[in-house]
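Listed below, chain by chain, are the residues.
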Amino acid sequence: MALIKCENVFIGYEGQTVVRDLNFQINTGDYLCIVGENGSGKSTLVKSLLGLKGVESGRIVFGDGLKQNEIGYLPQQTDVQKDFPASVYEVVLSGRLNSRGLKPFYTSSDRQQAYEKMEILGIRDLAKQCFRDLSGGQRQRVLLARALCATKKLLLLDEPVTGLDPLVTAEFYQLIRQINRDSGIAVVMVSHDIESAVEDASHILHLQEKVLFFGTAEDYRRSRVGRTFLGGERK
């Protein structure tokens, strides 16, 4: 069933259209990678999916009980994030904020969720450590656990392995595959690493201001767009 459908979506800034005529959908359990060169509209689309940016025309439809504020979001790393002066447990628990509604305090269920997600990501032993003292790979695991605390249906990851070394990157990709496979949570990942995207994803959305390709990773490999960007054919 479709969690998100984009129907003839146009998005722009200050009267300038950045992405145009987007038509695609994300289904329960999908692993969709959004790829494209810098300036192709990937980040703009992410902001619209999260409700941080309106669309000029067309519509983004949410289905299967998914609410926009129940998307688990892992943004690109920033220096501000790295200096966050909180414990690992506090950072992970903050993923429950949106689901708290008007309740002023976290519930025992919220706390249990936080510990469960830390367990899944192998960071339970780091619960009391200060977030800013962690390595880059540990920080990303903490932020992924936080994103998992916010959702039951969809994770949205924006360039999650930027700045990580190859070994940590490989481990992180493996974690995401495992979460997608074991929990059935749909994954949408923005990536500049097209080769890894095709390796892991079930579907590819290739943007260049409009949709160059949307379909299965297998079909992408065989497509002209896929062959061009994967190096099998000259541009």
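Check the entry above for the structure.
Summarised in this report is the structure supplied together with it. (Residues numbered from 1 in each chain as written. Predicted model: local features only at pLDDT ≥ 70, side-chain atom pairs only at ≥ 80, totals over all residues. Heavy atoms only, no water.)

Scanning the protein from terminus to terminus reveals 9 helices and 9 strands. The globule rule puts the C-alpha radius of gyration for 235 residues at 18 Å, and the 18 Å found for the protein is close to it. Each of the three principal axes of the protein carries a C-alpha extent, and together these read 50 × 40 × 35 Å. Burial statistics for the protein: of 235 residues in total, 46% are counted as buried. A separation of at least 24 residues holds for 67% of the contacts in the protein among residues at least 6 apart in sequence. When the 30 positive and 29 negative side-chain charges of the protein are each reduced to one mean point, those points stand 4 Å apart. (Helix = DSSP H or I, 4+ residues; strand = E, 2+ residues; numbered from the N terminus. Rg over C-alpha atoms; globule rule 2.2 N^0.38 Å. Buried < 20%, exposed > 50% of the residue type's maximum accessible area, 1.4 Å probe, protein only. Contact = heavy atoms within 4.5 Å. Lys, Arg positive; Asp, Glu negative; His and termini not counted. Charge placed at Lys NZ, Arg CZ, Asp CG, Glu CD.)

Turning our eyes to something else, we now look at the sheet that holds strand β4 (residues 57–62). Pairing in this open sheet of 3 strands is antiparallel, and the strands run β2-β1-β4 from one edge to the other. At either margin of the open sheet sits one strand with a lone partner, and together these are β2 (16–27) and β4. In this sheet, adjacent strand axes meet at a mean angle of 15 degrees when their direction is disregarded. Summarising the sheet, strand β1 (residues 2–13) and β2 pair through 8 bridges and their orientation is antiparallel. Residue pairing across strands places I11 opposite V19, the latter belonging to β2. (Pairing = 2+ DSSP bridges. Axes fitted to C-alpha atoms, helices over the stretch in contact; angles between N-to-C directions.)

So, on to the sheet that holds strand β8 (residues 203–207). Ordered by their spatial adjacency, 6 strands build an open sheet running β5-β6-β7-β3-β8-β9, and the pairing between neighbours is mixed. Either end of the sheet is taken by a strand with one partner, and the two such strands are β5 (72–74) and β9 (211–216). Strand-to-strand, the axes of this sheet are offset by a mean angle of 10 degrees, without reference to chain direction. Note: β5 against strand β6 (residues 154–158), 3 bridges, orientation parallel. When the sheet's bridge partners are listed, G72 is paired in β6 with L155. Contacting β3 (31–35), β5, β6 and β7 (186–190), helix α6 (residues 166–183) runs over the sheet at an angle of about 150 degrees to β7.

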